[in-house]
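Structural description and commentary
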Amino acid sequence: MTTTAPAVRRPGTAMTADQRAQFERDGYLVVPGVLDADEVAHYAEAIDRAYQRHAPQGGPMHVLGAVHSCPELVPLIDHPTVFGLVWSILGWNVHVYHSHLDVHPTVPADQPFRYQWHQDGGRQNRELETHPRPRLSVKLAYWLTDVSMPGRGNLKVVPGSHTTDWIAGPPTRSMPWPDPEDAIHITANAGDVVFFDRRLWHARSDNHSPITRKAAFFAYTYRWVRAREELKRELPGLSPVQQQLLGTLGATDGDHAWGHAPHGVPLYTLLRETGNLDPVFPPLKP
Ligand SMILES: O=C(O)CCC(=O)C(=O)O
């Protein structure tokens, strides 16, 4: 398997009506079997190498800038099996504005408490005045190890909480506090993907299993929202859409990001050529 992406990639298929209804209701979808066993092994090994570089002493790793830290992950940013979910919700004027690599080995049961529940977006959750706050961003979580039962560092979510602006929490993150009443552990196999709305209340749980948990997360937003992390160097072999997603198009000034010239935006062109624009959905209007 190559580590650089092919020059031309398919955009994948649009979200189905059922997926959209479920996503709007629950704030997330679990997509099984996105990566096959060879792909899981390939990406997990790439993350292992990044782990050796970033955490040679062992312990947990949470590194921002997934592709910058691990260029072998580039094909995951527009994987045709799940990329359609992203553009079906946000449209074509998007980029990856935040991403992370996570490796979590087992931790002892008596780990000091840390309250982890949050919505993504930082100050977006304070500075936007509407209720519910706008979605703005969606995220793909690729599981590279088996989290098919609770206790393996599963992602916890409160289904349907993406339209709730506030949940009760402790005054300090170290003060023990119960999970929200409706919280669930998402279970998934290696190779599955969770697609979620940034506003969904979510938290990582501790891994008490002998399996080191490995995952990669990619968050997408409109190009007029500034990226949290910059890609600091050019990567070889990126397709035009991947260059757009990673902000290395060479035309990423503010005006271009406003989308006044759709024909200069590779995902617009790809969706137009593949018949995926949609005259009744403003973010995908031809
Ligand atoms: O690692 C996890 O399961 C949680 C990730 C998370 O909190 C996030 O993506 O914002």
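Analysis parameters
- Residues numbered from 1 in each chain as written.
- Predicted model: local features only at pLDDT ≥ 70, side-chain atom pairs only at ≥ 80, totals over all residues.
- Heavy atoms only, no water.
- Near = heavy atom within 4 Å.
- Polar contact = N/O pair within 3.5 Å; in protein donor to acceptor, adjacent residues only side chain to side chain.
- Domains from an automatic or database assignment.
- Contact = heavy atoms within 4.5 Å.
- Buried area = accessible area lost by both parts, 1.4 Å probe.
- Salt bridge = Lys/Arg side-chain N within 4 Å of Asp/Glu carboxyl O.
- Helix = DSSP H or I, 4+ residues; strand = E, 2+ residues; numbered from the N terminus.
- Nonpolar A, V, L, I, M, F, W, Y, C, P; charged D, E, K, R; others polar.
- Pairing = 2+ DSSP bridges.
- Buried < 20%, exposed > 50% of the residue type's maximum accessible area, 1.4 Å probe, protein only.

**Here's the deal with the site of the ligand**
- If you check the shell around the ligand, you find His100, His118, Asp120, Lys139, Leu155, Phe196, His202, Arg204, Arg213 and Phe217 and nothing else.
- At a separation of 3.3 Å, an oxygen atom of the ligand approaches a polar side-chain atom of His100.
- In this structure, an oxygen atom belonging to the ligand sits 2.8 Å away from a side-chain N or O atom of Asp120.

**Here's the deal with the domain arrangement of the chain**
- If you check the domain split of the chain, you get domain 1 (17-222) and domain 2 (240-284).
- Each of domain 1 and domain 2 was reduced to a C-alpha centroid, and the two centroids are 25 Å apart.
- If you look at the interface, domain 1 gives 18 residues, while domain 2 gives 18 residues.
- For the pair domain 1 and domain 2, the two sides together bury roughly 1,500 Å², of which 69% comes from carbon and sulfur.
- Applying the counting rule to domain 1 against domain 2 returns zero salt bridges.
- The set of elements that each furnish at least two residues to the side of domain 1 that touches domain 2 consists of helix H4 (83-90) and strand S3 (94-104).
- Along the lines of polarity and charge, the residues of the side of domain 1 that touches domain 2 split into 12 nonpolar, four polar and two charged.

**Brief notes about the sheet that holds strand S8 (residues 202-204)**
- The strand order S6-S5-S8 describes an open sheet built from three strands, whose pairing is antiparallel. Strands with a single pairing partner mark the edges of an open sheet, and in this sheet they are strand S6 (184-185) and S8.

**A word on the pattern of salt bridges**
- One pass over the structure, following the stated rule, counts 10 salt bridges.
- A salt bridge links Arg199 to Asp197, with the nearest nitrogen and oxygen atoms 2.7 Å apart. Of the two residues, Arg199 and Asp197, neither departs from the other in class, the shared state being buried.
- Several salt bridges converge on common partners, so that one network encompasses Glu24, Arg135, Asp197 and Arg199.

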